[in-house]
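Working through the structure, step by step
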Number of protein chains: 2
Amino acid sequence: MKEFEMIQTYFSGRGPQRKDVIVGVGDDAALMKMPQDKLLVVATDTMVENTHFFTDTSARSIGHRCLAVNLSDFAAMGAEPAWASVAITLPNADEQWVKEFADGLFEIAEYYNVQIVGGDTTQGPLAVTVSLKGFVTEGKALLRSGAKAGDWIYVTGELGESALAVDSKINGLKFPEDIASHIQQRFDYPVARIAAGQVVRHAATSALDISDGLIQDLGHILKASSVSARIDVERLPISHTLYDAVGQEKAISLALTGGEDYEILFTVPEQQKGYLEQNATAMGVKYTCIGQICGGDTGIELLFNDEPFNLKGQKGFQHFSDKEEK
Amino acid sequence: MKEFEMIQTYFSGRGPQRKDVIVGVGDDAALMKMPQDKLLVVATDTMVENTHFFTDTSARSIGHRCLAVNLSDFAAMGAEPAWASVAITLPNADEQWVKEFADGLFEIAEYYNVQIVGGDTTQGPLAVTVSLKGFVTEGKALLRSGAKAGDWIYVTGELGESALAVDSKINGLKFPEDIASHIQQRFDYPVARIAAGQVVRHAATSALDISDGLIQDLGHILKASSVSARIDVERLPISHTLYDAVGQEKAISLALTGGEDYEILFTVPEQQKGYLEQNATAMGVKYTCIGQICGGDTGIELLFNDEPFNLKGQKGFQHFSDKEEK
């Protein structure tokens, strides 16, 4: 079949060829050699057209994002990526699409030294599922469950821009060209904070990556760790671009609730703050303290300059419960 | 969201809870402890509605098959399954569907001691991608590339019944109720030949599972091993049910070219035939010698009682080249 020859052309032998891969693409299953005394780490994410990307999202972006979102899970665990299986479902054998998808995929795979060891190509509505494998030293993985009252809450990078890209697409908002292309880039090519995760895992008590929005994802840490949190809204890392594009109120709303950021949210005890500062450069991205973990199960308290902050015009303290499951 | 609570209800904590799983469902990624001196094995398969199953295929069958087809890859490698990630894309949150899917999935997971360690649930056209992980002793994996001229060609079980189920569905063929329900069962609930794979790996030079039809899949072994093959058509393991349902000619055609069998095709040198016979019981399924590997690159020669066999009315020797890529 044409399709399989095409896949062969664009995928076979491309990207990193790791020494720990004994059998890659082409047999019933792939065989890899695990490093001794490490745990196997596995993350799996599916992307479906019209749910996770738009019909006009470029194939190159889809190739990038399907691996990036899994790398982001690895970053949040402090894990080292190694091998990926890529299952692609395509409505038809569009050679140009496959070529661009493969370009996007292998560009990021190359950067993080991830070998594509297998997968599947099937016919059907456009969707991609990547299962990423790698390793982490036993006892060193960053879980969601270790946050303690008193820990400081940090986040890497800047929040809300990717959500604005989604918002502007859905609601047809128009921005000046430089802003439009900047936020589009943030959505299309999220950066996985692998280097940051490697530093953070020595200092943090808990971590996860922000994919569904700060408030919702922080809720997962609170639930897993049985704690509450205070967020100082004025400290949120929001870019000038975002402020200029939508104003303060909307910018804060996007930073708190917008998804697709793929930044790392993590909690650090007072005595480990110094470690972070000493290793700031190695993180490869800025990080910001945005609040503190508290005891109890009162959810998330939002403050703006120490005053209760109302999100979306609600009055009084804004408490978010953590009923959502990821 | 309702959907996530539902998934939680039907998936959380179900099935085998293996001691080698450090962190299962619920964090950014799963963490597993690998046995020392084993290679990691990974197989990934996607099933899409209207491509791999029908709109009226039961959710329980889909739950079974999505794991079974990956287990079949493991069987063909002589590998031991351990953990699976299950990515489900669903058009809507149909609780009854999810319940039945989970029933089918966990029934087979239980049988093979596979723990579901993660995955993803997304909205979109119905599809399931399973990435199965496990292990095999280094140097003991059965590849496609080891067949040698003179090796005998074997196949487990019986061929063609599952393909008849597909054929009858697509072409609206009617059969007596007992035959109809038997072939439907064969399609809906394929058995992964894990036990057979564990025996075969000590005797065979190559193996794979038959998912696209004997002829096409044998072609993969021939290509990977740079050899040819002779198939003795009269030896093909075809059930009385299949003969009775469609007659000899069609039965042979289905056995040679029909897909979805999930039986193991393997090659054994003369001196290892005895090992197979001694361990026949441990294989848990019958096995049949159907031909022999030959040198050269002349593809597959079909004989019926030593006379050239014409498939689909073609004259003369039937040679199948191995241009197909899986």
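Looking at an unreviewed UniProt entry, one finds chain A named Thiamine-monophosphate kinase, with Psychrosphaera haliotis as its source organism. Of chain A, the UniProt comment under Function (unreviewed entry) reads exactly: "Catalyzes the ATP-dependent phosphorylation of thiamine-monophosphate (TMP) to form thiamine-pyrophosphate (TPP), the active form of vitamin B1." You can read under Catalytic activity (unreviewed entry) in the UniProt record for chain A the words "thiamine phosphate + ATP = thiamine diphosphate + ADP".

Attention shifts here to the packing of aromatic side chains. Residues and elements named next belong to chain B. Inspection of the entire model under this criterion finds 18 aromatic pairs over all chains. When the ring of Trp83 is compared with that of Phe135, the centres are 5.5 Å apart and the planes differ by 70°; the resulting orientation is edge-to-face. Here Trp83 is found in strand β4 (residues 80-90), whereas its partner Phe135 is found in strand β6 (residues 127-137), with 52 residues between them in sequence. An identical accessibility class is assigned to Trp83 and Phe135; each is buried. Arranged with centres 5.4 Å apart and planes meeting at 10°, the rings of Tyr154 and Phe266 form a pair that is stacked.

Let us look at the pairing of strand β2 (residues 30-33) of chain B. Of the strand pairs in this sheet, strand β3 (residues 38-48) of chain A and β2 of chain B are connected by four bridges, and their pairing is antiparallel. The residue of β2 of chain B that forms the bridge with Leu40 of chain A is Met32 of chain B. Bridge count for strand β1 (residues 21-23) of chain B against β2 of chain B is two bridges, and the pairing is antiparallel. Note that in β2 of chain B the partner of Val23 of chain B across the bridge is Leu31 of chain B. Following β1 of chain B, the chain reverses through six residues before pairing antiparallel with β2 of chain B; Gly26 of chain B in that reversal takes a positive phi of roughly 120°.

Residue-level contacts link 55 residues of chain A with 55 residues of chain B. At the boundary of chain A with chain B, total buried surface from both sides reaches about 4,400 Å², with 56% on carbon and sulfur atoms. For the pair chain A and chain B, the number of links is six salt bridges. Among the salt bridges present, the one from Glu138 of chain A reaches Lys33 of chain B, with a minimum N-O distance of 2.8 Å. Between chain A and chain B we count 20 residue pairs in polar contact (both at pLDDT 80 or more) in total. Per-element tally for the side of chain A that touches chain B: the top contributor is β3 of chain A, with nine residues. When grouped by side-chain class, the residues that make up the side of chain A that touches chain B number 26 nonpolar, 15 polar and 14 charged.

Residues and elements named next belong to chain B. The element β6 is extensively covered by neighbouring structure, given that 10 of its 11 residues are classed as buried. Pairing of strand β3 (residues 38-48) with β6, which is carried by 11 bridges, proceeds in the antiparallel orientation. Pairing of Leu40 across the sheet is with Phe135, part of β6.

Attention shifts here to the UniProt feature "domain: PurM-like N-terminal" (unreviewed entry) in chain A. Per the UniProt record, "domain: PurM-like N-terminal" (unreviewed entry) is annotated on residues 26-132 of chain A. Measuring from the first to the last C-alpha atom of residues 26-132 of chain A gives 18 Å, for a span that is 34% helix and 38% strand.

So, about the relation of the copies chain A and chain B. By a simple turn and slide, chain A fits onto chain B: the slide is 0.0 Å along the axis, the RMSD is 0.0 Å, and the turn is 180°. One copy is carried onto the other by what is essentially a two-fold rotation axis. The fraction of interface residues of chain A whose copies in chain B are also interface residues reaches 100%, indicating that both copies meet through the same surface.

Another point: the UniProt feature "binding site: Mg(2+) 2" (unreviewed entry) in chain A. The feature "binding site: Mg(2+) 2" (unreviewed entry), as annotated in UniProt, sits at Asp45 and Asp73 of chain A in this numbering. Across 29 residues of sequence, these annotated residues stay compact in space, with a maximum C-alpha separation of 9.5 Å. For Asp45 of chain A, the location among the structural elements is in strand β3. Residue classification places Asp45 of chain A among the buried residues on the basis of a relative accessible area of 18%. Among residues more than four places away in sequence, those in contact with Asp45 of chain A are Val69, Asn70, Asp73, Val128, Thr129 and Val130 of chain A together with Asp120 of chain B. By relative accessible area, Asp73 of chain A is classed as buried at 7%. Once residues within four sequence positions are removed from consideration, Asp73 of chain A is found in contact with Ala43, Asp45 and Asp209 of chain A together with Asp28 of chain B.

A separate point is the environment of Thr46 of chain B. With respect to the secondary-structure elements, Thr46 of chain B resides in strand β3. The buried category is assigned to Thr46 of chain B, whose relative accessible area is 4%. In this structure, the C-alpha to C-alpha distance between Thr46 of chain B and Lys174 of chain B, residues 128 residues apart in sequence, is 29 Å. Not counting chain neighbours up to four residues away, the residues in contact with Thr46 of chain B comprise Ala87, Thr89, Asp120 and Thr122 of chain A together with His52, Val128 and Thr129 of chain B. Among the polar contacts made by the side chain of Thr46 of chain B, one reaches the side chain of Thr129 of chain B at a distance of 2.8 Å.

This next bit is on the side chain of Arg230 of chain B. Residue and element names in this part refer to chain B. Checked against the element boundaries, Arg230 lands in strand β9 (residues 228-232). Side-chain polar atoms of Arg230 contact the side chain of Asp232, separated by 3.0 Å. Excluding its chain neighbours within four sequence positions, the residues that come into contact with Arg230 are Trp152, Ile153, Ile290, Gly291, Gln292, Cys294, Glu301 and Leu303.

What follows covers the state of the cysteines. This structure, assessed with the given rule, holds zero disulfides over all chains. Looking at the unpaired Cys289 of chain B, the closest cysteine sulfur is the one in Cys294 of chain B, lying at 12 Å.

What follows deals with the domain arrangement of chain A. Residues and elements named next belong to chain A. Per the domain assignment, the segments making up chain A are domain 1 (2-137) and domain 2 (152-320). Look at where the C-alpha atoms of domain 1 and domain 2 centre, and you get two points 27 Å apart. The interface is formed by 22 residues belonging to domain 1 together with 20 residues belonging to domain 2. Between domain 1 and domain 2 the total buried area reaches about 1,800 Å² when both faces are included, carbon and sulfur atoms providing 58% of it. Connecting domain 1 to domain 2 are two salt bridges. Between Asp56 and Lys169 there is a salt bridge whose closest N-O contact spans 2.4 Å. Across the contact surface, domain 1 and domain 2 share 12 residue pairs in polar contact (both at pLDDT 80 or more).

Another aspect to go through is the pattern of salt bridges. Tallying each qualifying case throughout the model produces 30 salt bridges over all chains. When the shortest N-O distance is used, the salt bridge between Asp20 of chain B and Arg18 of chain B registers 2.7 Å. When its relative accessible area of 16% is taken as the criterion, Asp20 of chain B is described as buried. Taking the relative accessible area as the measure of exposure, Arg18 of chain B reaches 14% and is therefore buried. Note that Asp103 of chain B and Lys99 of chain B form a salt bridge whose closest N and O atoms lie 3.0 Å from each other. Residue Asp103 of chain B and its partner Lys99 of chain B are both found in helix α3 (residues 95-111); the two are separated by four residues, about one turn of the helix. Owing to a relative accessible area of 26%, Asp103 of chain B belongs among the partly exposed residues under this scheme. Shared partners join several salt bridges into a network, and the residues in it are Arg14, Lys99 and Asp103 of chain A.

Rules used in this analysis
Residues numbered from 1 in each chain as written. Chains lettered and ligands numbered in written order. Predicted model: local features only at pLDDT ≥ 70, side-chain atom pairs only at ≥ 80, totals over all residues. Heavy atoms only, no water. UniProt positions renumbered as here; feature names shortened; annotations may be inferred. Phe/Tyr/Trp six-rings, centres within 6.5 Å; stacked < 30°, edge-to-face > 60°. Helix = DSSP H or I, 4+ residues; strand = E, 2+ residues; numbered from the N terminus. Buried < 20%, exposed > 50% of the residue type's maximum accessible area, 1.4 Å probe, protein only. Pairing = 2+ DSSP bridges. Contact = heavy atoms within 4.5 Å. Buried area = accessible area lost by both parts, 1.4 Å probe. Salt bridge = Lys/Arg side-chain N within 4 Å of Asp/Glu carboxyl O. Polar contact = N/O pair within 3.5 Å; in protein donor to acceptor, adjacent residues only side chain to side chain. Nonpolar A, V, L, I, M, F, W, Y, C, P; charged D, E, K, R; others polar. Least-squares fit on C-alpha atoms with pLDDT ≥ 70 in both. Disulfide = S-S within 2.5 Å. Domains from an automatic or database assignment.

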